[in-house]
Amino acid sequence: MTIETLEAPTTEPAIDPSDPVLDTGFATEMVRQVRAIDPYGTYDDLSAAEVLEPYVLTKEKKREIPIVGDPDEIVIARIQAFYNAIAVMIEQECRLRAVPLLHLTHEGFGRVLITVGKLVVVDRSLRDVHRFGFASLSRMKDEGDKLLSVALELIGEHSRVAGL
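Keep in mind the model is a prediction, meaning the values are calculated, not measured.

How each quantity is defined
- Residues numbered from 1 in each chain as written.
- Predicted model: local features only at pLDDT ≥ 70, side-chain atom pairs only at ≥ 80, totals over all residues.
- Heavy atoms only, no water.
- Phe/Tyr/Trp six-rings, centres within 6.5 Å; stacked < 30°, edge-to-face > 60°.
- Helix = DSSP H or I, 4+ residues; strand = E, 2+ residues; numbered from the N terminus.
- Buried < 20%, exposed > 50% of the residue type's maximum accessible area, 1.4 Å probe, protein only.
- Pairing = 2+ DSSP bridges.
- Salt bridge = Lys/Arg side-chain N within 4 Å of Asp/Glu carboxyl O.
- 1 Å grid on protein atoms, 1.4 Å probe; cavity = no way out; pocket = protein on both sides within 12 Å on 5 of 7 lines; lining within 4 Å.
- Points joined across faces, edges and corners; volume = space filled by probe spheres on them.
- Nonpolar A, V, L, I, M, F, W, Y, C, P; charged D, E, K, R; others polar.

Here the focus is the packing of aromatic side chains. Counting across every chain of the model gives six aromatic pairs. Here Phe82 and Phe134 contribute two aromatic rings whose centre-to-centre distance is 5.2 Å and whose plane-to-plane angle is 40 degrees, an arrangement assigned as tilted. Pair noted here: Phe82 is in helix α4 (residues 73–94) and Phe134 is in the loop between β3 (119–126) and α5 (137–157), with a separation of 52 residues, a long-range link. A single burial state applies to Phe82 and to Phe134, both of which are buried. An aromatic cluster is built from Phe26, Tyr55, Phe82, Tyr83, Phe132 and Phe134, whose rings are joined through pairwise contacts.

The next point concerns unusual backbone geometry. With glycine set apart, most residues show a phi of negative sign, and most peptide bonds adopt trans. The backbone of Arg95 sits at a positive phi, close to 60 degrees, despite the residue not being glycine. For Asp128, which is not glycine, the phi torsion reads 50 degrees and is therefore positive.

Let us look at the pairing of strand β1 (residues 98–104). Put simply, side chains in a regular strand alternate between the two faces of the sheet. Here seven bridges tie β1 to strand β2 (residues 110–116), and the two strands are oriented antiparallel to one another. Bridge assignment links Val99 to a residue of β2, and that residue is Thr115. Between β1 and the antiparallel strand that follows it, β2, lie five residues; Gly108 among them carries a positive phi value of about 95 degrees.

Let's shift gears to the pattern of salt bridges. Within the structure shown, the criterion is met by eight salt bridges. Of the charged contacts, one joins Glu53 and Lys61 as a salt bridge, the two residues approaching to 3.2 Å between their closest N and O atoms. What makes Lys61 partly exposed here is its relative accessible area of 28%. In this structure, Asp145 engages Lys141 in a salt bridge whose closest nitrogen and oxygen atoms are separated by 2.4 Å.

Let's shift gears to the layout of surface pockets. Space left empty within the atom packing is revealed by a probe, the size of a water molecule, rolled over the atoms. In this structure, the largest pocket spans a volume of roughly 350 Å³. Lining the largest pocket are 16 residues; nearest its centre among them are Ser125, Leu126, Arg127, Phe132 and Gly133. When residues of the lining of the largest pocket are traced back to their parent elements, those giving at least two are α4, β3 and α5. For the lining of the largest pocket, the class distribution of residues is seven nonpolar, two polar and seven charged. Considering only enclosed or pocket space, the second largest pocket measures out at about 280 Å³ in volume. Residue lining of the second largest pocket: 14 residues in total, with Val34, Ile37, Tyr43, Ile74 and Ala77 positioned closest to the centre. By residue number, the principal contributor to the lining of the second largest pocket is α4, which donates four residues.

The structure is reproduced here in C-alpha cells:
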C-alpha cells in the first residue's frame, strides 16, 4: 500500500530580484510608499521584489481571484500606495504639491484624482479594484510613467492654475 502525498504547487515569484525595473526611481518610490503605510513594520526586512510582488498579477493569479468581490483594506492600501507614488513623482518633477484622492465604494468601484493646485492632473475611474494589479513589473512602471507624463504635460500647459 502506498500513501500519496499532495505536494503544494511551487509557484515562482512573479518578480525576478535582478529585474532592472527595481532600480528605477518609480520602483524605489513604490517601495517607500508601501513601507510608509505599513504600521507594523512587516515589510522592513523584505527586498524590493518581495514588497512589490502583490502588484504583479500573472494570468494564473488573476484566475484565482473571483470576478465579483469586495476589496479589502490591503488592496485599498496597495492602490493608495501606487497613486501616492505617482503624486510624489509629480512633486519631484515640478516642485508643486500633488495631492492624491481615492474614493471607492464597498463594491470596488470609484475614482482617483491627483490635483496640483486647482488643476486635476490625473482622473481615473476604477472598477473591480479587488483585482488591482499589473501583468508585470515593467507594465506597472509603464503605467506610472504614462500617468506621470500626462500630468506633467497638463501642468506645463496650465502652470498658472497649477500654481494656485
